[in-house]
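Architecture at a glance
The lines below spell out each chain.
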Amino acid sequence: VQLQASGGGLVQAGGSLRLSCAASGSWTVINHWGWYRQAPGKQRELVARLTDGVDTDYVDSVKDRFTISRNSARNMMYLQMNSLKPEDTAVYLCFVFARVSGTWRNYWGQGTLVTVSS
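Read on for an overview of the structure. (Residues numbered from 1 in each chain as written. Predicted model: local features only at pLDDT ≥ 70, side-chain atom pairs only at ≥ 80, totals over all residues. Heavy atoms only, no water.)

**Some thoughts on the sheet that holds strand S8 (residues 76-81)**
One open sheet accounts for four strands, arranged S1-S3-S8-S7; its pairing is antiparallel. Each edge of the open sheet carries a strand with a single partner, namely strand S1 (2-6) and strand S7 (66-71). Strand-to-strand, the axes of this sheet are offset by a mean angle of 15°, without reference to chain direction. As paired elements, strand S3 (residues 17-24) and S8 share six bridges and run antiparallel to each other. Following the sheet pairing, Ala22 is matched in S8 by Met76. (Pairing = 2+ DSSP bridges. Helix = DSSP H or I, 4+ residues; strand = E, 2+ residues; numbered from the N terminus. Axes fitted to C-alpha atoms, helices over the stretch in contact; angles between N-to-C directions.)

In structure tokens form, the structure reads like this:
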């Protein structure tokens, strides 16, 4: 499974961005789609996760501001980020938890940088 993230950039506080993650390659099934972020000097944090295409989980700090979604026909995942804050500044990494050749594991994209200015 190969993942390609895009959509990051520089935005002012209060603005919006939409991140995209394209999945390619082959897999038997993908159970989780999601986004982590890593800010300088901080631990990697799970931001949002979509399970079985239906159930969503968000870290408390982004609830009611971020929305995770998926286009299954195009093997795409999105993270709509609204009301951005400077503390949202981080590298955002997309991931999937997939079964490939009978083995379940996480696959990661390369990350896209989001910078929110105050």
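Resuming the write-up.
**Some words on the state of the cysteines**
A complete count under the given rule lists one disulfide for this structure. Here Cys21 is linked by a disulfide to Cys94, with a sulfur-sulfur distance of 2.2 Å. Its torsion about the S-S bond being 65°, the disulfide of Cys21 and Cys94 is classed as right-handed. You can see Cys21 sitting in strand S3 and its partner Cys94 sitting in strand S9 (residues 90-100), a full 73 residues away along the chain. In this structure Cys21 comes out as buried when scored by relative accessible area, which is 0%. By relative accessible area, which is 0% here, Cys94 ends up buried. (Disulfide = S-S within 2.5 Å. Buried < 20%, exposed > 50% of the residue type's maximum accessible area, 1.4 Å probe, protein only.)

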